[in-house]
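Letter by letter, the chains look like this.
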Amino acid sequence: MKFEAQTGGETIPVEIAGADGRFTLTIAGERLAVDARETGEGIWSILLDGASYVADVTEQDGSYLVDIGGERYTIRVEEESRYIIRTRGAQGGERGQVLKAPMPGKVTLVAVTVGQAVAPGDGLVVLEAMKMENEFKAQVAGTVKEIRVAVGQPVNPGDVLVVIE
Amino acid sequence: MSAPFGKVLIANRGEIAVRVIRACRELGSRTVAVFSDADRESLHVLLADEAVPIGAPPATESYLVIDKLIAAARATGAEAVHPGYGFLAENAKFAQACLDAGLTFIGPPPAAIRAMGDKMAARRVAIKMGVPVVPGTEQPLSDDAEAARVAERVGYPVMLKAALGGGGKGMRLVRAPGDLAGALRAARAEAGAAFGDAAVYIERYVEEPRHIEIQVLADAHGGVVYLGERECSIQRRHQKLVEESPSPFVTPEMRRRMGEAACRVAAAVGYVNAGTVEFLVDRERNFYFLEMNTRLQVEHPVTELVTGRDLVKDQLRIAAGEKLGFGQDDVTLHGWAIECRVNAEDPFASFIPSPGTVVGLRAPGGPWVRDDTGVYAGCTISRFYDTLMAKLIVWGPDREAAIARMARALGEYKVAGVQTTIPILQRIVAHPDFAAGRLSTGFMERLLATDRPEGAGRHRPIALIAAALTAYERAGRPAPAAPSPATTPGAWRQALRPGWRSR
């Protein structure tokens, strides 16, 4: 089965075969024999060339967050066919920022108005979650095109809060 | 030893409720848990002898409603109430309501909570007892204009603090006049939400300070002792992440002076039970009274491991009217203890909270490793409460051994389903400044400023394998197809090869 893995701005082709803990992975053309077991939901034990590793994998926003040895990797893995369709259909020159809620919470402050010019680092929205106020900032320079939330409103992960062009 | 109480209600949740239940069980006291609708399956409910529902998930409708807690204690026949930390632990009205209902409050008398709960009144007590304090206001700020005047007077940078605060809620550092208004708004909002009172005051900010606190125990018969110090300088957003006892900065002579100052403050307000006197310590080893926390601290286990005392059992015995049964000369510090807070936060995304289901969990073990937890594999971490999941505490004969043990234990700690602070804790304990004991409350800011971009480490190939296999397994593992024949070893692996085996 063929996949495309995207991480750190790179796209790496990965082909996988096998089952029941014994897998053959062909990563960027190189073939590896991997003994891998999911020893708990999202907790992978991987034996490779005699070395033992444990990696924690959590799904978030269509990507996998992998924690291993104090390091973190965000890796998007798609089936090859899906990757091709998505990337061919993508329009070039994506700019702006669509600010989505990364966690459930309640909006306690909207610091901008529609039409307002913002610079990177400008505060946009404050979300209260787990007793903490979390400020979300503009990552790009642009104009506030849409504000989809109001103060006091509860939000869920993935909800669009603010759109900047 | 007979049980100090037949039945104890724990007016809290999470790891601290579990901690108290464990002490009660060992003493032979029966336990009553309370739980909101979000906590039916939480660990404290599973471990208690009895459990009483107290309402909707928001704390203001459950864990903060005094009447519901008193009613639960009455209905179950509990004789005493342990408040834990947070929620109503430092609420004098709650302590009084317990007494009025004929219940023993496992904590200080209401008057002592009131005296120390008003942070400005507490400063006045310290001044009267000859304990130094940081310059600032003696009264809450009436408005923004007054705040600006006071800030000018004591000099920037200044620290805004909730008058009824604690645990970093409602605190803001302000470096320049232009940031004052926004910081006041945020501090008041947080203070109001956390403590039901938006009053805020100002103190001069001590640059690169250490946060060192003294544990005190006082009985109802005039006995007061200090159990050494805890260094809690590793903080982020004024929330402690790593604590240790003793402090690498404190000399025996300084410990004695800080300890005696703490006991004077406690005695001055008629303090009974466990309490903590917090100090800021500057680079010249001058210490300034910050506040007294009139409750058990989150980080109490490090004191337990170096003194050999069970502070929760001591709390129960003291509340039952027993004498301490030991004096200051009986307190000796043995070895070194470190605690790391495992929070459901994403350290790679500005520490945003990460509520969700803990799908996978493997806690560390082995000699001198303690996991004070409120979670288990399969449980849900609710968005309604704070992010603390568990506290990992280790002991070693000296600091170096304790650090090595903590690094080892953190490496064993595996959590899947929610993001945790474990990766950043690993980086903290591996940092040369931490090993050298060069700690200050600015440590985290410096560490995060030199942050490596994610995804640049040596474990990248393994991470890629884990992610790809997850996608493959989730895709339903179709009939195996023959993989394409291997080509010459690619640049991909060559480049990463040095990292394969070294761990």
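What counts, and at which threshold
- Residues numbered from 1 in each chain as written.
- Chains lettered and ligands numbered in written order.
- Predicted model: local features only at pLDDT ≥ 70, side-chain atom pairs only at ≥ 80, totals over all residues.
- Helix = DSSP H or I, 4+ residues; strand = E, 2+ residues; numbered from the N terminus.
- Rg over C-alpha atoms; globule rule 2.2 N^0.38 Å.
- Buried ≥ 20, exposed ≤ 12 C-beta atoms within 10 Å, placed from the backbone.
- Contact = placed C-beta atoms within 7 Å.
- Pairing = 2+ DSSP bridges.
- pLDDT = per-residue confidence, 0-100.
- Axes fitted to C-alpha atoms, helices over the stretch in contact; angles between N-to-C directions.
- Left-handed = near helix turned anticlockwise from the far one by under 90°.
- Nonpolar A, V, L, I, M, F, W, Y, C, P; charged D, E, K, R; others polar.
- Domains from an automatic or database assignment.
- Core = buried A, V, L, I, M, F, W, Y, C linked by C-beta atoms within 7 Å.
- Arc of directions from axis to C-beta.

Trainee: Mind laying out the overall build of chain B, listing which residues take part and the relevant values?
Mentor: In terms of helices and strands, chain B carries 17 helices and 22 strands. Relative to the 2.2 N^0.38 estimate, which gives 23 Å for 503 residues, the radius of gyration of chain B is 24 Å and therefore close to what a compact globule would have. Residue burial in chain B is summarised as follows: out of 503 residues, 55% are buried. Pairs at least 24 apart in sequence give 65% of the contacts found in chain B among residues at least 6 apart.

Trainee: Outline the sheet that holds strand E13 (residues 132–137) of chain A, supporting the account with residue identities and numerical values.
Mentor: The strands making up a sheet are joined through hydrogen bonds of the backbone, oriented either antiparallel or parallel. Residues and elements named next belong to chain A. With respect to topology, four strands assemble into an open sheet ordered E13-E12-E10-E15, the strand pairing being antiparallel. Where the open sheet ends on each side, the last strands, each with one partner, are E13 and strand E15 (154–155). As paired elements, strand E12 (residues 123–129) and E13 share six bridges and run antiparallel to each other. Its bridge partner lying in E13, glutamate 128 is registered against glutamate 133.

Trainee: Quick one: what's the story with the confidence of the model for chain B, residue by residue and with numbers?
Mentor: Residues and elements named next belong to chain B. Averaged over every residue, the pLDDT of chain B is 91; the share at 70 or more is 93%. In the model, residues 479–503 has pLDDT below 50 throughout and makes 36 contacts with residues more than four positions away in sequence or in other chains. As a predicted assembly, this complex carries a pTM of 0.81 together with an ipTM value of 0.72.

Trainee: Before we move on, could you go through the pairing of strand E2 (residues 10–19) of chain A and cite the residues and values that matter?
Mentor: Sheet faces and side chains relate simply in a regular strand, where the side chains alternate between the two faces. All names here are of chain A. Relative to E2, strand E1 (residues 2–7) is paired through six bridges, and the arrangement is antiparallel. Paired with lysine 2 across the bridge in E2 is glutamate 15. Connecting E1 to the antiparallel partner E2 that follows it, the hairpin turn spans two residues, and glycine 8 within it adopts a positive phi of roughly 55 degrees. Bridge count for E2 against strand E3 (residues 22–27) is six bridges, and the pairing is antiparallel. Bridged to glycine 18 within E3 is phenylalanine 23. Counting the residues that bridge the hairpin from E2 to E3 gives two residues, and of these aspartate 20 lies at a positive phi of roughly 50 degrees.

Trainee: Explain the packing of helix H7 (residues 144–154) of chain B against helix H8 (residues 180–195) of chain B residue by residue, including any values.
Mentor: Residues and elements named next belong to chain B. Put simply, H7 and H8 touch, their axes get as near as 11 Å, and they point 115 degrees apart. Judged by the sense of rotation from one axis to the other, the crossing of H7 with H8 is right-handed. Taken together, the residues of H8 that come into contact with H7 (itself represented by Asp144, Ala147, Ala148 and Ala151) are Leu180, Ala181 and Leu184. Considered class by class, the residues forming the contact of H7 with H8 number six nonpolar, no polar and one charged.

Trainee: Just give me the short version of the interface of chain A and chain B, but keep the residues and values in it.
Mentor: Tallying the contact residues gives 63 residues for chain A and 60 residues for chain B. Its residues placed into classes, the side of chain A that touches chain B shows 35 nonpolar, 15 polar and 13 charged.

Trainee: Tell me about the environment of Ala112(B), residues and numbers included.
Mentor: Residues and elements named next belong to chain B. Of note, alanine 112 is situated in helix H5 (residues 110–117). In this structure alanine 112 comes out as buried when scored by C-beta crowding, with 23 C-beta atoms within 10 Å. Separated by 18 residues in sequence, alanine 112 and phenylalanine 94 place their C-alpha atoms 13 Å apart. If we skip the residues at most four places from it in the chain, alanine 112 touches Val269, Gly270, Tyr271 and Thr294.

Trainee: Could you give an account of the sheet that holds strand E6 (residues 158–162) of chain B, with specific residues and numbers?
Mentor: Residues and elements named next belong to chain B. Sheet architecture is open: three strands sit in the order E7-E6-E8, paired in antiparallel fashion. Since the sheet does not close on itself, it has two edges, and those belong to strand E7 (172–174) and strand E8 (200–204), each with one partner. Across the sheet, the mean angle separating the axes of adjacent strands is 30 degrees when strand polarity is ignored. Pairing between E6 and E8: five bridges, direction antiparallel. Across the sheet, alanine 162 pairs through a bridge with valine 200, a residue of E8.

Trainee: Account for the domain arrangement of chain A, naming residues and giving values.
Mentor: You can read the domains of chain A as domain 1 (2–89) and domain 2 (97–164). Here domain 1 of chain A and domain 2 of chain A have C-alpha centroids that lie 32 Å from each other.

Trainee: I'd love a proper account of the nonpolar core, names of residues and values included.
Mentor: Among the nonpolar cores identified, the biggest contains 207 residues, and Val66(A), Val200(B), Val216(B), Ala466(B), Ala467(B) and Ala468(B) are the most heavily contacted of them. Beyond its immediate chain neighbours, meaning those up to four positions away, Ala468(B) contacts Phe3(A), Ala5(A), Val14(A), Ile16(A), Leu25(A) and Val77(A).

Trainee: Lay out the packing of helix H1 (residues 14–27) of chain B against helix H11 (residues 311–319) of chain B with the relevant residues and their values.
Mentor: Residues and elements named next belong to chain B. Put simply, H1 and H11 touch, their axes get as near as 9 Å, and they point 65 degrees apart. For H1 against H11, the interelement crossing comes out right-handed. In this structure, H1 contributes Arg19, Val20, Ala23 and Leu27 to the contact, and H11 contributes Val312, Lys313 and Leu316. Classifying every residue of the contact of H1 with H11 by side-chain character gives five nonpolar, no polar and two charged.

Trainee: Tell me about unusual backbone geometry, residues and numbers included.
Mentor: The bulk of non-glycine residues show a negative phi, and the bulk of peptide bonds are trans. For the peptide bond that leads from Tyr156(B) to Pro157(B), omega is -5 degrees, which places it in the cis range. Within the secondary structure layout, Pro157(B) lies in the loop between H7 and E6. Here the amide bond leading from Ser245(B) into Pro246(B) is cis, since omega sits at -5 degrees, within 30 degrees of zero. One non-glycine residue with positive phi stands out, namely Asp49(A), at about 50 degrees. Inspection of the secondary structure puts Asp49(A) in the loop between strand E5 (43–48) and strand E6 (51–60). The backbone of Asn273(B) shows a phi angle near 95 degrees, a positive value even though the residue is not glycine. Mapped onto the fold, Asn273(B) is located in strand E12 (residues 273–281).

Trainee: Outline helix H4 (residues 92–100) of chain B, listing residues and values.
Mentor: The periodicity of an α-helix, 3.6 residues per turn, causes residues three or four places apart in sequence to face the same way. All names here are of chain B. Those residues of H4 lying buried are Ala92, Phe94, Ala95, Ala97 and Cys98. Residues of H4 that are buried in the fold lie against helix H3 (66–76), strand E4 (80–82), strand E5 (104–105) and H5. Positioned one or two residues after H4, glycine 102 has a phi angle of 80 degrees, which is positive.

Trainee: Explain the pairing of E3(A) to me, using residue names and the numbers behind them.
Mentor: All names here are of chain A. Here six bridges tie E3 to strand E4 (residues 30–40), and the two strands are oriented antiparallel to one another. Each bridged residue has a counterpart across the sheet, and for arginine 22 the counterpart in E4 is aspartate 35. Hairpin remark: E3 followed by E4, antiparallel, with two residues in the connecting loop; positive phi at alanine 28, about 50 degrees.

Trainee: Lay out helix H6 (residues 119–128) of chain B with the relevant residues and their values.
Mentor: All names here are of chain B. Those residues of H6 lying buried are Lys119, Ala122, Arg123, Val125 and Ala126. The buried residues of H6 occupy an angular sector of 160 degrees when the element is viewed end-on, so they sit on one face. In this fold, the buried residues of H6 make contact with H5, E6, E8, helix H9 (252–268) and strand E13 (287–293). Looking at the residues trailing H6, positive phi occurs at glycine 130, about 75 degrees.

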